[in-house]
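# Observations on the three-dimensional arrangement
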Amino acid sequence: MSLSIFIVAIVALYCIASVIYVYRWRGQTRYQSLTQYLRKSWPVFAPLNCLLYMTTKAEARKSLLDAAYLKNISVLRDNWQIIKEEALALQATGAFEAIKTPGSVGYYDVGFRTFYKRGWSKFYLMWYGTTHNSAKRLCPRTVALLKQVPGIQGAMFSILPSGSELSLHADPMASSLRYHLGLDTPNSTDCYINVDGVQCSWQNGQDFVFDETYPHYAKNNTEASRLILMCDVERPMNSFGRVFNMLYRFIIKGTLVPNTAEDKTGVFSALFAAIAPLRQSTLKLRSERRQLYKVLKLTLNCSLMALLFAILFAFFSLFEVFLSKALWL
């Protein structure tokens, strides 16, 4: 067996093992079926995420954390009412509803688009190195406070309306952890998030951090809406993990989504918006000819996987040839 085939085989086995680990053994909560896991948990990122799980510090390897580990987090805690005032003023302008209106520049969000149909809405403040111009204009005090907390990578306001819920799911990438700060909440245990079996309700002025790559769901069984500040924050890791994460975040940077036309758009978000008409056609095909849709989807996914491993094989084959010539010389 050549070195190239051996390396590709090892990579393939690692990918399979990563997917099985996340589906079958990580955490306490289990999906009802493999199909649900494939739909709700982005298994394509499991191999990369597992590298980050392995390099996460021991004290952070759990579903729910105290936010105290974040440097200067007291800046947000102490000024939560200022943040609340700006968030409520923003809500009054109709900005949240405008963003989730089909056709708007903020509608094509590859990470959060499926939540819109359940009433959930958001307004981005910053995202992995980019501060939104609309946020600078509409929420200047909140933006200034966020910049004083170095561990924050991304931030947004998020609304979960009365009577709505987010079904069991896991976010795709383990680059960060998720921070929640209650702003205008029902202050009730009937409005909560459950992360890998651990339940936590939102309270005004109180915060917590959780690992969003564990299966989780949220419910608001009250008569009031829930408004929070939601941030992506540093995952505590060793040196190798931090170096790898710097590369991993280049993918996340490409998912930058604008609130308004004055904001920048990431490359992946722009691509998602461009193929939106095609996606509508596939949804129509799924509803009208479901079996054909499944066959085409399986064929496409298998073709993409085959292409990926062909690229890996070609890369390692060239490396093997180069190494052989170097040793011969």
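In this report, the structure presented in the accompanying data block is examined. (Residues numbered from 1 in each chain as written. Predicted model: local features only at pLDDT ≥ 70, side-chain atom pairs only at ≥ 80, totals over all residues. Heavy atoms only, no water.)

### As for empty space enclosed by the protein
Basically, it comes down to this: Definitions used throughout: a 1 Å grid over protein atoms alone; a cavity as a set of points that fits a 1.4 Å probe which cannot get out; a pocket as an open set with protein on both sides within 12 Å along at least five of seven lines; a lining residue as one with an atom within 4 Å of a point. Grid points are joined across faces, edges and corners, and a volume is the space filled by probe spheres set on the points. For helices the rule is a DSSP run of H or I covering at least 4 residues; for strands it is a run of E covering at least 2, with both sets numbered from the N terminus onward.
One pass over the structure, following the stated rule, counts four cavities of 30 Å³ or more. What lines the largest cavity is a set of 17 residues, and nearest its centre among them are Leu166, His180, Ile193, His216 and Met230. Looking at the lining of the largest cavity, the elements that each hand over two or more residues are β5 (165-169), β6 (176-184), β10 (216-220) and β11 (226-234). If you tally residues by element for the lining of the largest cavity, the top one is β11, at three residues.

### With respect to the sheet that holds strand β7 (residues 191-195)
Spelled out, the test is: Strands pair, by our definition, only if DSSP identifies at least two bridges between them. For helices, the fitted axis covers only the stretch in contact; all axes are lines through C-alpha atoms, and the angles between them, taken along N-to-C directions, range from 0 to 180 degrees.
Here we have four strands laid out as an open sheet, ordered β5-β10-β7-β8, and antiparallel in their pairing. Only two strands of the sheet have a single partner each, and these edge strands are β5 and β8 (198-201). Neighbour-to-neighbour, the strand axes of this sheet turn through a mean angle of 15°, independent of strand direction. The pairing of β7 with β8 spans four bridges and is antiparallel.

### Details of a positive patch on the surface
Keep this limit in mind: A patch consists of residues exposed above 30% relative accessible area that lack any salt bridge, with like charges linked at up to 9 Å and nonpolar side chains (Val, Leu, Ile, Met, Phe, Trp, Tyr) linked at up to 5 Å. Each accessible area is a Shrake-Rupley estimate made with a 1.4 Å probe; only the visible protein chains count as cover when residues are assessed. Salt bridge, as used here: a side-chain nitrogen of Lys or Arg that lies within 4 Å of a carboxyl oxygen of Asp or Glu. In summary, the charge assignment counts Lys and Arg as positive and Asp and Glu as negative, without counting His or the chain termini. For this purpose, a charge sits on NZ of Lys, CZ of Arg, CG of Asp or CD of Glu. Burial classes: relative accessible area under 20% of the type maximum marks a residue as buried, over 50% as exposed, and values in between as partly exposed (1.4 Å probe, protein chains only).
Where like charges cluster on the molecular surface, the positive patch consists of Arg39, Lys117, Arg118, Arg290 and Lys294. Relative to the helices and strands, Arg39 resides in helix α2 (residues 34-40). For Arg39, a relative accessible area of 59% gives the class exposed.

Function cannot be inferred from these measures alone, as they are strictly geometric.
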